[in-house]
Amino acid sequence: MTVLYVVVGVLFAVVAVLATVRVVMGPTILDRVIASDVLLTTLILVLGTEMVINGHTRSIVLMVVLAATSTFSTVAVARYVTNQDRTDTVQTEIAKEGTV
Amino acid sequence: MTADQLLDLAAGICLVVGALLSLAAAIGLLRFPDALSRLHAATKPQILGLIFIVIAIALSARSWETALVLLPIILFQLLLTPIAGHMVGRAGYRTKNFRRDLLLVDELQDAVTRSDRAADEAKPPEEPPTKRE
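On a predicted model such as this, the values are computed, not experimentally measured, just so you know.

A. Region of interest: the overall build of chain A. Looking only at helices and strands, chain A features 4 helices and 0 strands. Secondary structure elements of chain A occur, N-terminal to C-terminal, as α-α-α-α. Looking at the 100 residues of chain A, the share that counts as buried comes to 34%.

This is the structure in structure tokens:
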């Protein structure tokens, strides 16, 4: 069993690091908000895993609250994304021509 | 092997499956080319991974009260994750945060142009007519 638990811990650590890398790299605000959503989901999963490993049920309330509120930030950011938040070729062409 | 050990083993396997789904999402986040496909990868652990972890908790706690409290977690995620995904996808399409050359079919484009044209026609004329003499 200990081997299983170690494997699970390593996997979740890798997931958190990779999601953080995407948050830092971007390139657009949508990528960042999707990656931070994954990071928050990983936090919920880690809370559950810790309860299974240590054999208690005290963090369930925290899991419920996080599951109920995790999408608010995503919706709030997605509501206010505009064309200026784009960093693809179109945006650079517009910037090159100087007609923003 | 007793029944307790068997349940513990099942819980451990559920944990590993949930963690593997999270890993798939994280790899997809890094490897996929644009925001919309990253969104597709990101939603995998939010529902199925969470269901596996919740099953693991229920298997290790072994009480109906705990199972009853665990139900709202899945319920909230099932209700709220599609809302967030829809909002992000809509914002991503409207601001063209995706690579059109990767699309095979774009069924949304017709609807967007139609609604844009309708909005243009419904708009009042640029200069309101001056006072009638």
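B. Broad picture of the nonpolar core. Core analysis: the largest hydrophobic core is formed by 51 residues, its most contacted members being I34 of chain A together with A56 and I57 of chain B. Mapped onto this core, the elements with two or more residues apiece are helix 1 (2-25), helix 2 (29-54) and helix 3 (60-79) of chain A together with helix 1 (3-31), helix 2 (35-61) and helix 3 (64-94) of chain B. Looking at which element gives the most residues to this core, the answer is helix 2 of chain B, with 13 residues. Among residues more than four places away in sequence, those in contact with A56 of chain B are G48 and V52 of chain A together with A11, C14 and L15 of chain B.

C. Expanded view of the confidence of the model for chain B. All names here are of chain B. For chain B, mean pLDDT is 84; residues scoring 70 or higher make up 92% of the total. When pLDDT is averaged over each element of chain B, helix 1 comes out on top at 89 and helix 4 (residues 108-122) at the bottom at 81. Taken together, the chains of this predicted complex give a pTM of 0.81 and an interface ipTM of 0.80.

D. How the structure looks around the interface of chain A and chain B. The interface of chain A with chain B comprises 46 residues on the first partner and 47 residues on the second. The set of elements that each furnish at least two residues to the side of chain A that touches chain B consists of helix 1, helix 2 and helix 3 of chain A. Per element, the largest residue contribution to the side of chain A that touches chain B is 15 residues, and it comes from helix 2 of chain A.

E. Summary view of the packing of helix 3 of chain A against helix 3 of chain B. Closest axis-to-axis distance for the helix 3 of chain A/helix 3 of chain B pair is 9 Å, and the angle between their directions is 10 degrees. Viewed along their axes, helix 3 of chain A and helix 3 of chain B adopt a mutual orientation that is roughly parallel. Here the residues of the contact of helix 3 of chain A with helix 3 of chain B are counted per class, giving 18 nonpolar, 4 polar and 1 charged.

F. Seen up close, the confidence of the model for chain A. Taken over all residues, the pLDDT of chain A has a mean of 82, while the share at 70 or more is 82%. Averaged over each element, pLDDT in chain A is lowest for helix 4 (residues 89-97) of chain A (54) and highest for helix 1 of chain A (91).

G. Summary view of helix 2 of chain B. Residues and elements named next belong to chain B. For helix 2, which comprises 27 residues, the first-to-last C-alpha distance of 39 Å matches the rise-based estimate of 39 Å (1.5 Å per residue) to within 8%. The largest bend in helix 2 is about 35 degrees, located at G49. The buried fraction of helix 2 is high, at 19 of 27 residues. Positive backbone phi, at 55 degrees, marks R62, one or two positions downstream of helix 2.

Cut-offs used in this document
Residues numbered from 1 in each chain as written. Chains lettered and ligands numbered in written order. Predicted model: local features only at pLDDT ≥ 70, side-chain atom pairs only at ≥ 80, totals over all residues. Helix = DSSP H or I, 4+ residues; strand = E, 2+ residues; numbered from the N terminus. Buried ≥ 20, exposed ≤ 12 C-beta atoms within 10 Å, placed from the backbone. Core = buried A, V, L, I, M, F, W, Y, C linked by C-beta atoms within 7 Å. Contact = placed C-beta atoms within 7 Å. pLDDT = per-residue confidence, 0-100. Axes fitted to C-alpha atoms, helices over the stretch in contact; angles between N-to-C directions. Parallel < 35°, antiparallel > 145°, perpendicular 65-115°, else oblique. Nonpolar A, V, L, I, M, F, W, Y, C, P; charged D, E, K, R; others polar. Expected span 1.5 Å × (residues − 1). Bend = angle between axes of the 7 residues up to and from the residue.

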